[in-house]
Amino acid sequence: MRELSILSGKGGTGKTSVAAAFAALAHRPVLVDLDVDAANLALLVEGEPLERHETMGGQEAVIDPAVCVACGACEPACAFRAIETDASGLARVVESLCEGCGVCAHVCPAGAVRLDPCAIGRWWRASTPLGPLFHAELAAGGENSGLLVAEVRGAAQAAVRAGAGDLLLADGPPGIGCPALSALTGTTLAVLVTEPTPSGRHDLGRIIDLCAHFHRPAAVILNKADLNPALSAEIEAFCHERGHPVVGRLPFTPEAMTAVVEGRSLLSVTDQGMDQAVRSAWTAVEALLATLPES
Amino acid sequence: MIIAVASGKGGTGKTTVAAGLARVWPRPVVAVDFDVEAPNLDLFLNATMTREIQATLPVPRIDPALCTGCGACRDACAFNALAMVGPVPMLFPELCHACGGCLLRCPTGALVEDQRLLGEVLEGRTPRGGRVFAGRLRIGEAHAPPLMRKVRVALRASLAQEPADVLIDAPPGASCPALEAVRDADLVVLVTEPTPFGLHDLRLAWGAMKGLGRRMAVVINRAGFDDQGVRTFCAEAGLPVLAALPFDRDVAEAYARGRTLDEVGPEHAGRLRALAQAITALATPSGETAHA
């Protein structure tokens, strides 16, 4: 199976716009949105939801105020500062900060702490004109996003193995932490979308280091390349030095944002030659993918 | 006063707003970059980061001479970071959340504290002398919040010496790093853009953060497109819209050259100053008056 993962380090460089355009150009793709914090691919590639799954995992502490003896033992024991006490000393768990370790339950002399299983989030399988789409939404509270990434990615990989498509095309999360790690491990090729800004340049270096750490091949797309030609040249030289091909150079155009507002793909944007630039990037990515061993 | 600049979607302009506000803030202010996965605030404030301290997380190490192989530590670990391999436990350090639960449960004291490198806590100053704090997550480290807590410790020590307002540049998203960044804020400023992505992710971030009980408000960046959807949502959610910052090529080019919004032109600087005023007014607890 071949898997293409679109990542960036810095957010908002154009991952989802590139992913949606590539989805229209790829041969029989299975699509998956691995940015479970803020999944947007389904807004550009609309479809019919076919299945919905709840993902449970981990636990969270709940303190029964009727049993709490206000001894104050749990608050300092919590490594996540997730326990607050009120004026009378009664303890309360801040749900969104609790990581479910259970230390409070262990130190509570009164047995006031209960550990409830919690919902990590939910994910959907949808049918779209471009192929099957898997996407997820993290439960409010936001714990364990890496686990939800692994689950929705696993479901999409299983679909490719079952013959639902020829390529897994993943729209990844920003950053280099747990969701990005979960999205990157074992992928065939990472496509890193960056922009010629000081932050785009800096964060590209971070995500390239992460790809090297996991021995993953990576290619780069420079979005808004004409915004700062000098910095674009510097980024190209840096990629060359690190051995990562720059497979696409997309222009800056406000029409790209208009397309997002209207739910259209970058392939519908002709201003500054955007459509041709995206097609040529895809051709290069496809050629590169063909040279890489299946994962 | 602690102000956190956050967003659901990445790239909506958190750093643009945070750096711009830091430059026009009417009172002494410390800028804090809590996006430890992709820290960029220092680049736009031209800060020189002069101190770099390695931050570590206490994780267990097993002393095989004392371990009786009872398995209490494995049973205690909610994150499956400990497994019994034959008679002894084995630690998978990347899964460890450093809750300390295993150390509390080991009956023979066979678990001792070891350290895992999280990354670095960075401290520096802008050319005008403003303090800047940041964190830089180690490549391969999965958990951002523990490093953010280390940055906060350094920040608090500095504030104790020399009090100031705090402006936080938060990481994107709606999961633990974003929530950790805003947890102490007097006001969370959510930066969005008038696109379906911006609105969708604003709704998610607001939904995740409202459980923290922080006051929240919205800044619409890249205004100029139809923003009725965002404004309708804000009205329904009771979120005041504090500013609409226009989108044009000049702004994008200035950002690409590392300039802050106030440097683009006087009208942009004026909008930032008005935003700073609106924020301080909203974040000041009633009964206190913001000194100008």
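Rules of the game
- Residue numbers restart at each chain and count upward from 1, following the sequence in its written direction.
- Chains carry letters and ligands carry numbers; both start at the beginning, A for chains and 1 for ligands, and go up in the order they are written.
- Reporting in this predicted model follows two pLDDT cut-offs: at least 70 for local features of residues, and 80 or more for side-chain atom pairs to be given and counted; totals over whole chains, interfaces and linings ignore these cut-offs and use all residues.
- The side-chain numbers reported here are obtained from all heavy atoms of the structure, hydrogens and water having been left aside.
- What counts as a helix is a DSSP run of H or I of at least four residues, what counts as a strand is a run of E of at least two, and both are numbered from the N terminus.
- Whether a residue is buried, partly exposed or exposed follows from its accessible area with a 1.4 Å probe, protein chains only, as a fraction of its type maximum: under 20%, in between, or over 50%, in that order.
- By definition in these notes, contact holds between two residues if any of their heavy atoms fall within 4.5 Å.
- The accessible surface values rely on the Shrake-Rupley method and a 1.4 Å probe; as for residues, cover is taken only from the protein chains in view.
- The charged-residue count follows a simple rule in which Lys and Arg add positive charge and Asp and Glu add negative charge, with His and chain termini not counted at all.
- Where a charge lies is defined by one atom per residue type, namely NZ (Lys), CZ (Arg), CG (Asp) and CD (Glu).
- Boundary definitions for the domains trace back to an automatic or database domain assignment.
- Note on terms: buried area is the combined drop in 1.4 Å-probe accessible area of two parts once they are placed together, counting the loss on both.
- Any Lys or Arg side-chain nitrogen found within 4 Å of a carboxyl oxygen on Asp or Glu counts as a salt bridge.
- A 3.5 Å cut-off defines polar contacts: any pair of N or O atoms within that distance qualifies, except that in protein one atom must be a possible hydrogen donor and the other a possible acceptor, and neighbouring residues in sequence count only when both atoms are side-chain atoms.
- Gly is put with the polar residues, along with every residue not named as nonpolar or charged; the nonpolar set is Ala, Val, Leu, Ile, Met, Phe, Trp, Tyr, Cys and Pro, and the charged set is Asp, Glu, Lys and Arg.
- A helix is expected to span 1.5 Å multiplied by its residue count minus one.
- Each C-beta atom gives one direction from the helix axis, and the arc is the one those directions make.
- Axes, fitted as lines to C-alpha atoms, cover a helix only where it is in contact. Angles between the N-to-C directions of the axes lie from 0 to 180 degrees.
- Roughly parallel here means an angle under 35 degrees, roughly antiparallel means over 145, roughly perpendicular means 65 to 115, and every remaining angle is called oblique.
- By this definition, two strands are paired if DSSP reports at least two bridges between them.
- To pair, rings of Phe, Tyr and Trp, with the six-membered ring standing in for Trp, must have centres within 6.5 Å; the planes then decide the type, stacked if under 30 degrees apart, edge-to-face if over 60, and tilted in the middle.
- Criterion for a charge above a ring: Lys NZ or Arg CZ within 6 Å of the ring centre, and within 35 degrees of the ring normal.

- Under the annotation held in an unreviewed UniProt entry, chain B carries the name Cobyrinic acid a,c-diamide synthase and is attributed to Pararhodospirillum oryzae.

- Per an unreviewed UniProt entry, chain A carries the name Cobyrinic acid a,c-diamide synthase and comes from Pararhodospirillum oryzae.

1. Brief notes about the overall build of chain B
Working step 1: Counting secondary structure elements, chain B contains 10 helices and 11 strands.
Working step 2: Projecting the C-alpha coordinates of chain B onto the three principal axes gives extents of approximately 70 × 40 × 40 Å.
Working step 3: Residue burial in chain B is summarised as follows: out of 292 residues, 59% are buried.
Working step 4: The contacts in chain B between residues at least 6 apart in sequence include a share of 73% that link residues at least 24 apart.
Working step 5: Of the roughly 11,500 Å² of accessible surface on chain B, a fraction of 52% belongs to carbon and sulfur atoms.
Working step 6: Side chains of chain B carry 30 positive and 31 negative charges; the gap between the two charge centres is 2 Å.

2. Details of the domain arrangement of chain B
Residue and element names in this part refer to chain B.
Working step 1: The domain architecture assigned to chain B consists of domain 1 (2-55 + 119-283) and domain 2 (58-117).
Working step 2: On a C-alpha basis, the centroid separation for the pair domain 1 and domain 2 is 38 Å.
Working step 3: Contact residues are listed per partner, giving 8 residues for domain 1 and 5 residues for domain 2.
Working step 4: Carbon and sulfur atoms supply 41% of the area buried between domain 1 and domain 2, which totals about 610 Å² over both sides.
Working step 5: A per-residue breakdown of the area domain 1 buries against domain 2 is headed by Arg138, Glu141 and His143, which together make up 59% of the total.
Working step 6: On inspection of domain 1 and its partner domain 2, the count reaches 1 salt bridge.
Working step 7: Our enumeration of links across domain 1 and domain 2 arrives at 2 residue pairs in polar contact (both at pLDDT 80 or more).
Working step 8: Here the residues of the side of domain 1 that touches domain 2 sort into 2 nonpolar, 4 polar and 2 charged.

3. A closer look at helix H8 (residues 229-242) of chain A
All names here are of chain A.
Working step 1: The end-to-end C-alpha distance of H8, which contains 14 residues, comes to 20 Å, matching closely the 20 Å that a straight helix rising 1.5 Å per residue would cover.
Working step 2: Taken residue by residue, H8 has Leu231, Ser232, Ile235, Phe238 and Cys239 as its buried positions. Buried residues of H8, seen end-on, are gathered within an arc of 120° and therefore sit on one face of the element. Pointing more than 90 degrees away from the buried face of H8 are the exposed residues Ala230, His240 and Glu241.
Working step 3: Immediately beyond the C-terminal end of H8, within one or two residues, lies Gly243, with a positive phi of roughly 80°.

4. Examining the pattern of salt bridges
A side chain of one charge can pair with a side chain of the opposite charge when the charged atoms of the two come close.
Working step 1: Taken as a whole and assessed by the stated rule, the structure comprises 35 salt bridges over all chains.
Working step 2: Between Glu262 of chain A and Arg264 of chain A there is a salt bridge; the shortest N-O distance is 2.8 Å.
Working step 3: Judged by relative accessible area, Arg264 of chain A falls into the partly exposed class, the value being 28%.
Working step 4: Residue Arg136 of chain B pairs with Glu52 of chain B through a salt bridge whose shortest N-O separation is 2.9 Å. One end of the pair, Arg136 of chain B, is in strand S7 (residues 131-137); the other, Glu52 of chain B, is in strand S3 (residues 48-62), and 84 residues separate them in sequence.
Working step 5: A relative accessible area of 25% places Arg136 of chain B in the partly exposed class.
Working step 6: Given a relative accessible area of 53%, Glu52 of chain B falls into the exposed group.
Working step 7: Bridged by salt links that share partners, the residues Arg81 of chain A together with Arg149, Arg152, Arg156, Glu180, Arg183 and Asp184 of chain B form one connected network.

5. As for the packing of helix H1 (residues 15-25) of chain A against helix H10 (residues 274-291) of chain A
Residue and element names in this part refer to chain A.
Working step 1: At a closest axis distance of 10 Å, the pairing of H1 and H10 adopts a crossing angle of 70°. Between H1 and H10, the angle falls in the class roughly perpendicular. Two secondary-structure elements touch here, H1 through Ala21, Phe22 and Leu25 and H10 through Val278, Arg279, Ala281, Trp282 and Val285.
Working step 2: Partitioned by chemical class, the residues of the contact of H1 with H10 number 7 nonpolar, no polar and 1 charged.

6. Notes on the interface of chain A and chain B
Interfaces are often sized by the amount of accessible area the parts lose when they come together.
Working step 1: At the junction of the two partners, chain A supplies 61 residues and chain B supplies 59 residues.
Working step 2: Around 5,000 Å² of area is buried between chain A and chain B when both sides are counted, 62% of it from carbon and sulfur atoms.
Working step 3: Along the contact surface separating chain A from chain B lie 2 salt bridges.
Working step 4: Between chain A and chain B we count 24 residue pairs in polar contact (both at pLDDT 80 or more) in total.
Working step 5: Here the side of chain A that touches chain B takes 8 residues from helix H7 (residues 198-213) of chain A, the largest share from any one element.

7. Looking at the sheet that holds strand S1 (residues 2-6) of chain B
Residues and elements named next belong to chain B.
Working step 1: Pairing is mixed in the open sheet, where 9 strands are placed in the order S3-S6-S7-S2-S8-S1-S9-S10-S11. Looking at the sheet topology across the chains shown, the edges are occupied by S3 and strand S11 (241-246). Neighbouring strand axes in the sheet, compared pairwise and without regard to direction, differ in orientation by 20° on average.
Working step 2: Of the strand pairs in this sheet, strand S2 (residues 29-33) and strand S8 (residues 165-169) are connected by 5 bridges, and their pairing is parallel. By the bridge assignment for S8, Val30 is matched with Val166.

8. Comments concerning the sheet that holds strand S10 (residues 218-222) of chain A
Residues and elements named next belong to chain A.
Working step 1: With mixed pairing, 9 strands are arranged side by side in an open sheet as S3-S6-S7-S2-S8-S1-S9-S10-S11. This sheet does not close on itself; its edge strands, each paired only once, are strand S3 (48-63) and strand S11 (246-249). Each strand of the sheet is rotated relative to its neighbour by a mean of 20°, with strand direction disregarded.
Working step 2: One ladder, built from 5 bridges, connects strand S9 (residues 189-194) with S10; its direction is parallel. What sits directly across from Ala190, in S10, is Ala218.
Working step 3: The sheet strands contacting helix H5 (residues 145-161) are strand S1 (2-7), strand S2 (29-33), S3, strand S6 (113-128), strand S7 (131-138) and strand S8 (167-171), and the helix crosses S7 at an angle near 165°.

9. Looking at the packing of aromatic side chains
Working step 1: Under the defined criterion, the tally for this structure stands at 6 aromatic pairs over all chains.
Working step 2: Measuring from ring centre to ring centre gives 6.2 Å for Trp123 of chain A and Phe134 of chain A, while their planes differ by 40°; the resulting arrangement is tilted. In this pair, Trp123 of chain A sits in strand S6 while Phe134 of chain A sits in strand S7, placing the two residues 11 residues apart along the sequence.
Working step 3: We classify Phe134 of chain A as buried; its relative accessible area is 2%.
Working step 4: Pairing Phe225 of chain B with Phe247 of chain B gives two aromatic rings, centres 6.1 Å apart and planes at 45°, and the pair type is tilted. With Phe225 of chain B in the loop between strand S10 (215-223) and helix H8 (228-237) and Phe247 of chain B in the loop between S11 and helix H9 (249-256), the pair connects residues that are 22 residues apart, well separated along the chain.
Working step 5: Here Phe225 of chain B falls in the buried class, since its relative accessible area comes to 19%.
Working step 6: Within the aromatic cluster, the residues linked to one another by ring pairs are Phe252 of chain A together with Phe225 and Phe247 of chain B.
Working step 7: Its guanidinium or amino end placed over the ring of Phe238 of chain A, Arg201 of chain A lies 4.4 Å from that ring's centre, counting from NZ or CZ.

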